[in-house]
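Architecture and fold: a report
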Amino acid sequence: MNKLKIAALGGGTGLSTMLRGLKLHTDDITAIVSVADDGGSSGVLRSDRGMLPPGDIRNCVAALTDVQPMFGELLNYRFADGIFKGHTLGNMFLAAINDMSENFDEAVKTFCNLVGASANVVPVSNDYITLNAKLENGEVIEGESNIGKRLNTEIGIDRVFITPVMAKPVQSALDAVYSADIIVLGPGSLYTSVIPNLLVDGMADAISSSRAKKVYVCNIMTQPGETDNYTASMHLDALEKHSVKGIVDYIVVNDAVIPDSVKELYAAENAAQVVFDNDKLEGRVNVLHGNLFLVRDGQVRHNFSRLARGIVRLGRNI
């Protein structure tokens, strides 16, 4: 198997989906996961147990477990009723391990070892982080889960920020970035999954100074409350605004047209396909584009096999 070293930063379902493809090409992967989530089961465990959110970590670990396919499904099993309603088995398992560990990073390492994850998964920070958004009208939204729930989405996001402002990164996350051959940002929610990793003290500088090839995987569809009417270049603008200009060398964009029937489903949720404005990308970043989507149960997702092959192909010239 290729020994290409990959550091992948993100959160949500986007990162875990991509990991399913990358693990077929290399076993030297470090998934660096945002800890800003405060909704759903993660939010309940965060407030009740005082722990960092386990959901995105669990998703990534489930995608990387090689013990047997059903084990990954078991970690993601969500109870439908009773006192455990809304919680996943994996979240509660990680919560128990966290109670027995010195910090969240150590708990995640133990979790990965116990379930046979084929790659490293690390939280970006051990600090208890809150994500906030400052809107274009000056209003501040506190809490990751509240950012996308805004009723008036005509007012865009000016920038997001975290508290504490100087949250410290986990050392193994920095080490993975410095030693990587390829660093991948995304796919995932731009303001609530990808950018929060860049706001942890020292992470953006580490990415910028790393000799790795840096890739941003742009979302295929816009996200209500976050990236309404955003084009591909606007996604890149937001990344650079929250880090440094030239933070990535490549941007990966889907340029295949989504079927009208699927577009209609997304339009009902005030979402649309991200416009590939290549004219505003050329000259500032290398552009990789193609048919990169698939549709499952009416949901548009990245074709993780094609996406992974394209990313790994960049490493052949290293």
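Each value, and the rule that gives it
- Residues numbered from 1 in each chain as written.
- Predicted model: local features only at pLDDT ≥ 70, side-chain atom pairs only at ≥ 80, totals over all residues.
- Heavy atoms only, no water.
- Core = buried A, V, L, I, M, F, W, Y, C linked by side-chain atoms within 4.5 Å.
- Buried < 20%, exposed > 50% of the residue type's maximum accessible area, 1.4 Å probe, protein only.
- Contact = heavy atoms within 4.5 Å.
- Helix = DSSP H or I, 4+ residues; strand = E, 2+ residues; numbered from the N terminus.
- Pairing = 2+ DSSP bridges.
- Axes fitted to C-alpha atoms, helices over the stretch in contact; angles between N-to-C directions.
- Patch = residues over 30% accessible without salt bridge, like charges linked within 9 Å, V, L, I, M, F, W, Y side chains within 5 Å.
- Areas by Shrake-Rupley, 256 points an atom, 1.4 Å probe, with all protein chains shown as cover.
- Salt bridge = Lys/Arg side-chain N within 4 Å of Asp/Glu carboxyl O.
- Lys, Arg positive; Asp, Glu negative; His and termini not counted.
- Charge placed at Lys NZ, Arg CZ, Asp CG, Glu CD.

This next bit is on the nonpolar core. Met18, Ile32, Val61, Val121, Leu185 and Leu239 are the most contacted members of the largest nonpolar core, which totals 93 residues. Dropping the residues within four chain positions of it, Met18 is found in contact with Ala8, Val184, Gly186, Pro187, Val217, Phe304, Leu307 and Ile311. Counting residues in each nonpolar core, the second largest holds 9 residues, with Ile220, Ala256, Ile258 and Ala271 among its members.

This part is about the side chain of Ser233. On the secondary structure map, Ser233 appears in helix 11 (residues 232-241). By relative accessible area, Ser233 is classed as buried at 3%. When sequence neighbours within four positions are dropped, the list of residues in contact with Ser233 reads Asp277, Lys280, Leu281 and Arg284.

An order of 5-4-6 is seen for the 3 strands of this open sheet, with the pairing classed as antiparallel. Both edges of this open sheet fall to strand 5 (140-142) and strand 6 (157-163), since each of them pairs with a single strand only. Strand-to-strand twist in this sheet, taken as the mean axis angle between neighbours without regard to direction, amounts to 25°. In this structure, strand 4 (residues 130-135) lies alongside strand 6, joined through 6 bridges in antiparallel fashion. Within the sheet, the bridge partner assigned to Ala133 lies in strand 6 and is Val160.

There is a patch of like positive charges on the surface, built from Arg306, Arg309, Arg313 and Arg316. With respect to the helices, strands and loops of the structure, Arg306 is situated in helix 13 (residues 304-314).

Counting across every chain of the model gives 6 salt bridges. Two residues, Asp27 and Lys3, come together in a salt bridge whose shortest N-O distance is 3.5 Å. Taken as a pair, Asp27 in strand 2 (residues 26-33) and Lys3 in strand 1 (residues 2-10) lie far apart in primary sequence, 24 residues in all. We note a salt bridge from Lys109 to Asp105, for which the minimum N-O separation is 3.9 Å. With a gap of 4 residues between them, Lys109 and Asp105 both fall in helix 6 (residues 104-115), about one helical turn apart. Overall, the relative accessible area of 44% leaves Lys109 in the partly exposed class. Among the charged side chains, a salt-bridge network with shared partners connects Asp237, Glu240 and Arg284.

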